[in-house]
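Listed below are the residues making up each chain.
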Amino acid sequence: MEQYISPSTSTKNIYDQYQNALGIDLWGTQYEKMQEHLRKLNDVNHKLRKEIRQRRGEDLDDLSIDHLRDLEQHMTESLNDVRGRKYHVIKTQNDTCRKKVKNLEERHGNLLMEYEAKLEDQYGLVDNEAAVALANGASANLFAFRLHHGHSHHHHHHLPDLCLGDGYGAHELRLP
């Protein structure tokens, strides 16, 4: 018994002694099981590779009409799943972009209110038509026109019609 538990005895030695005592071949049986498992895995691998080729439109010659119909049905279902996922991703990205645009519009509106407040502090009250133009996103146009107009030789303070992004026009805007 001492030989079985000796520190120098390996697991393989224990198996070998057990085999000799019973007269059986544990390694051969284990090897056969592993070989059978390997054969099954190779078969599965071969079938999967063939299925992949068929889904690519290759290796179709030996398929019956029923198998071809089944393949077509599976591919249609797969295409619908991929298409559904694609539309979901597009919708999610679109929703995210809309939220970002809404956030930027709110920030823009807040900046315009701050800008208008600074104009009132600096130049006094801004007339209503100019305030509407500022609220509709024309502040950049007004500022650019004010700079341009300040360098021109015309002495009248009259703005041409401005077409704003949301369809409203500010007519006859007067500069303060």
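How each quantity is defined
Residues numbered from 1 in each chain as written. Predicted model: local features only at pLDDT ≥ 70, side-chain atom pairs only at ≥ 80, totals over all residues. Heavy atoms only, no water. Helix = DSSP H or I, 4+ residues; strand = E, 2+ residues; numbered from the N terminus. Buried < 20%, exposed > 50% of the residue type's maximum accessible area, 1.4 Å probe, protein only. Contact = heavy atoms within 4.5 Å. Areas by Shrake-Rupley, 256 points an atom, 1.4 Å probe, with all protein chains shown as cover. Salt bridge = Lys/Arg side-chain N within 4 Å of Asp/Glu carboxyl O. pLDDT = per-residue confidence, 0-100. Expected span 1.5 Å × (residues − 1). UniProt positions renumbered as here; feature names shortened; annotations may be inferred. Patch = residues over 30% accessible without salt bridge, like charges linked within 9 Å, V, L, I, M, F, W, Y side chains within 5 Å.

(A) Spotlight on the overall build of the protein chain. What the protein chain contains, in helices and strands, is five helices and two strands. Going residue by residue from the N terminus, the α and β elements of the protein chain occur as α-α-α-α-α-β-β. Residues classed as buried in the protein chain amount to 14% of the 176 residues present. Sequence-distant contacts, at least 24 apart, represent 27% of the contacts inside the protein chain between residues at least 6 apart. Looking at the protein chain as shown, the accessible area adds up to about 14800 Å², and 56% of this sits on carbon and sulfur atoms.

(B) Up close: the pattern of salt bridges. Applying the stated criterion across every chain, the model contains six salt bridges. With its nearest N and O atoms 3.4 Å apart, the salt bridge here joins Arg-55 to Glu-51. Here the residue Arg-55 and the residue Glu-51 both occupy positions in helix H2 (residues 26-55), the gap between them amounting to four residues, near one helical turn. Using a relative accessible area of 31% as the deciding quantity, one classes Arg-55 as partly exposed. Across the pair Lys-91 and Asp-95 runs a salt bridge whose closest N-O atoms are separated by 2.8 Å. Taken together, the residues Lys-91 and Asp-95, both in helix H3 (residues 65-123) and four residues apart, mark about one turn of the helix. Its relative accessible area of 29% is what places Asp-95 among the partly exposed residues.

(C) Highlighting the confidence of the model for the protein chain. In the predicted model, the protein chain carries a mean pLDDT of 75, and the fraction of residues at 70 or more is 64%. Counted against residues more than four places away or in other chains, residues 138-176, with its pLDDT under 50, gives 54 contacts.

(D) Broad picture of the environment of Gln-54. Of note, Gln-54 is situated in helix H2. Residue Gln-54 is classed as buried on the basis of its relative accessible area of 11%. Those residues in contact with Gln-54 that sit more than four places away from it in its chain are Asp-59, Leu-60, Asp-62, Leu-63 and Leu-71.

(E) Spatial organisation of H3. Counted at 1.5 Å a residue, the expected span for H3 with its 59 residues is 87 Å, and the 84 Å between its end C-alpha atoms agrees. Three or more residues of H3 are buried, namely Leu-71, Leu-112 and Leu-119.

(F) Up close: the UniProt feature "coiled-coil region" (unreviewed entry) in the protein chain. Taking the UniProt record as the reference, the feature "coiled-coil region" (unreviewed entry) is found at residues 31-58 and 87-121. A distance of 37 Å separates the end C-alpha atoms of residues 31-58, which is 89% helix and 0% strand. Along residues 87-121, the helical share is 100% and the strand share 0%, with 50 Å between the first and last C-alpha atoms.

(G) A look at a nonpolar patch on the surface. A cluster of nonpolar side chains, Tyr-18, Leu-22 and Ile-24, forms an exposed patch at the surface whose accessible area comes to about 300 Å². Relative to the helices and strands, Leu-22 resides in helix H1 (residues 11-22).

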